[in-house]
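Spelled out, the chains give:
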Amino acid sequence: MATRRGPRFKECRWVGVNAIGHPKAMKRVATHGNLRRSKPTEYRVQMLEKQKLKVYYNIFEKQLIRYYEAALSSEEQTGTALLRLLESRLDNLVYRSGFASSIRMARQMVSHGHILVNGKRIDIPSYQVQVGDVLSLHEKARQVENFANHFREFAGFSLPYVERNTEEFTAKYTRLPEREEIPVEVNDRQIIEFYSR
């Protein structure tokens, strides 16, 4: 199974946002300054927005194209549909729910079978979680102090579409998110324009 293994901090500095949520990800930006002096072209701006999305969700170009094509066939606005599809990925919801401290850790937890969806073990990070599905930490994984403590003490995302239960180690995907509720700093209109060229 392919996964992005490039330098995370370097990717964040390149796209200009702390997409991984690490406090030191953008540290060197302040010291080195902005080396890009020329005015960016429209193509570059659109490409940068697309790259941001790939870093946020830890996905490859081919995957993003598939999500874009699925969003095109949706009845809702293409940009919102695209972000809702990405937000509904299992590895992303594991991260948003607080089971993992990063999207990469979430992907690994899913791949290793630590996460259950409605009581069933799912080991596919790109699995599309449906509204009403309940994610839970596998019984054996609850014995791992790092996993258990991180979920209990999680202070990251507080999202209206994810309902957490720290006593039972569960998180419920209660509804589809509105565009303004999705915690990603991207201009989805630019991404759609990039792919519709």
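Residues numbered from 1 in each chain as written. Predicted model: local features only at pLDDT ≥ 70, side-chain atom pairs only at ≥ 80, totals over all residues. Heavy atoms only, no water.

Visitor: Would you mind showing me how to read the packing of aromatic side chains here?
Guide: Pairs of aromatic rings are described using the distance from one ring centre to the other and the angle between the two planes. One pass over the structure, following the stated rule, counts eight aromatic pairs. Considering the side-chain rings of Phe 99 and Phe 151, the 4.5 Å spacing of their centres and the 5° angle between planes classify their relative orientation as stacked. Of this pair, Phe 99 sits in the loop between α6 (90-97) and α7 (103-111) while Phe 151 sits in helix α8 (residues 145-153), and the two are 52 residues apart along the sequence. Where Phe 151 meets Phe 169, the ring centres are 6.0 Å apart and the plane angle is 35°; that geometry is what we call tilted. With Phe 151 in helix α8 and Phe 169 in the loop between β4 (162-165) and β5 (170-173), this residue pair connects regions lying 18 residues apart in the sequence. The residues Phe 151 and Phe 169 share a single accessibility class, namely buried. Counting every residue linked through ring pairs, the aromatic cluster contains Tyr 43, Tyr 68, Phe 194 and Tyr 195. One cation-aromatic arrangement involves Arg 164 over Phe 151; the distance from NZ or CZ to the ring centre is 4.4 Å. The side chain of Arg 197 reaches across the aromatic face of Phe 194, ending 4.4 Å from its centre. (Phe/Tyr/Trp six-rings, centres within 6.5 Å; stacked < 30°, edge-to-face > 60°. Helix = DSSP H or I, 4+ residues; strand = E, 2+ residues; numbered from the N terminus. Buried < 20%, exposed > 50% of the residue type's maximum accessible area, 1.4 Å probe, protein only. Lys NZ or Arg CZ within 6 Å of the ring centre and 35° of its normal.)

Visitor: Would you take a moment to explain helix α5 (residues 78-87) for this structure?
Guide: What sets the pattern is the α-helix's 3.6 residues per turn: residues three or four places apart point alike. The buried fraction of α5 is high, at nine of ten residues. Residues Thr 78, Gly 79, Thr 80, Ala 81, Leu 82, Leu 83, Arg 84, Leu 86 and Glu 87 constitute the buried set of α5. Of the surrounding elements, those touching the buried residues of α5 are α3 (42-57), α4 (61-72), α6, β5 and α9 (188-195). (Contact = heavy atoms within 4.5 Å.)

Visitor: Even after reading the chapter, I still don't get the nonpolar core, so can you show me in this structure?
Guide: The nonpolar side chains of a soluble globular protein tend to be buried, and buried together. Core analysis: the biggest nonpolar cluster contains 47 residues, and Leu 53, Tyr 57, Leu 82, Leu 90, Val 94 and Phe 99 have the highest contact counts within it. If one sorts the elements of this core by residue count, α7 sits on top with five residues. There are two domains that each give this core at least three residues, and those are domain 1 (8-23 + 39-86 + 186-196) and domain 2 (98-173). Residue contacts for Leu 53: discarding those within four places in its chain leaves Leu 64, Leu 82, Leu 83, Leu 86, Val 186 and Ile 191. (Core = buried A, V, L, I, M, F, W, Y, C linked by side-chain atoms within 4.5 Å. Domains from an automatic or database assignment.)

Visitor: Which parts of the structure should I look at to understand the side chain of Gln 46?
Guide: Structurally, Gln 46 can be placed in helix α3. Residue Gln 46 is classed as buried on the basis of its relative accessible area, which comes to 4%. Apart from the residues within four sequence positions on either side, Gln 46 is in contact with Gln 190, Glu 193, Phe 194 and Arg 197.

Visitor: Hey, could you run me through the pattern of salt bridges in this one?
Guide: A side chain of one charge can pair with a side chain of the opposite charge when the charged atoms of the two come close. Considering all chains together, one arrives at twelve salt bridges under this definition. One salt bridge connects Arg 89 with Asp 91, and the closest N-O pair in it is separated by 3.0 Å. The residues Arg 89 and Asp 91 share a single accessibility class, namely buried. For Glu 139, the salt bridge goes to Arg 142, with nearest N and O atoms at 3.8 Å. In this structure, a network of salt bridges that share partners links the residues Lys 50, Lys 54 and Glu 61. (Salt bridge = Lys/Arg side-chain N within 4 Å of Asp/Glu carboxyl O.)

Visitor: Please explain α8 as it appears in this structure.
Guide: Among all positions in α8, only Phe 147, Ala 148 and Phe 151 are buried. An end-on view of α8 places all buried positions within 95° of arc, on one side of the element. In this structure, α8 carries Glu 145, Asn 146 and Glu 153 as exposed residues pointing more than 90 degrees from its buried face. Residues of α8 that are buried in the fold lie against α6, α7, β3 (134-137), β4 and β5. (Arc of directions from axis to C-beta.)

Visitor: How do you make sense of the sheet that holds β5 when you look at a structure like this?
Guide: Reading across from one edge, β2-β1-β3-β5-β4 is the order of the five strands in this open sheet, with antiparallel pairing throughout. The strands lining the two open edges of the sheet, one partner per strand, are β2 (120-121) and β4. Pairing of strand β1 (residues 115-117) with β2 involves two bridges; the strand directions are antiparallel. Residue pairing for β2: Leu 116 is matched across the bridge by Arg 121. (Pairing = 2+ DSSP bridges.)

Bear in mind that shape data such as this cannot, by itself, settle questions of function.
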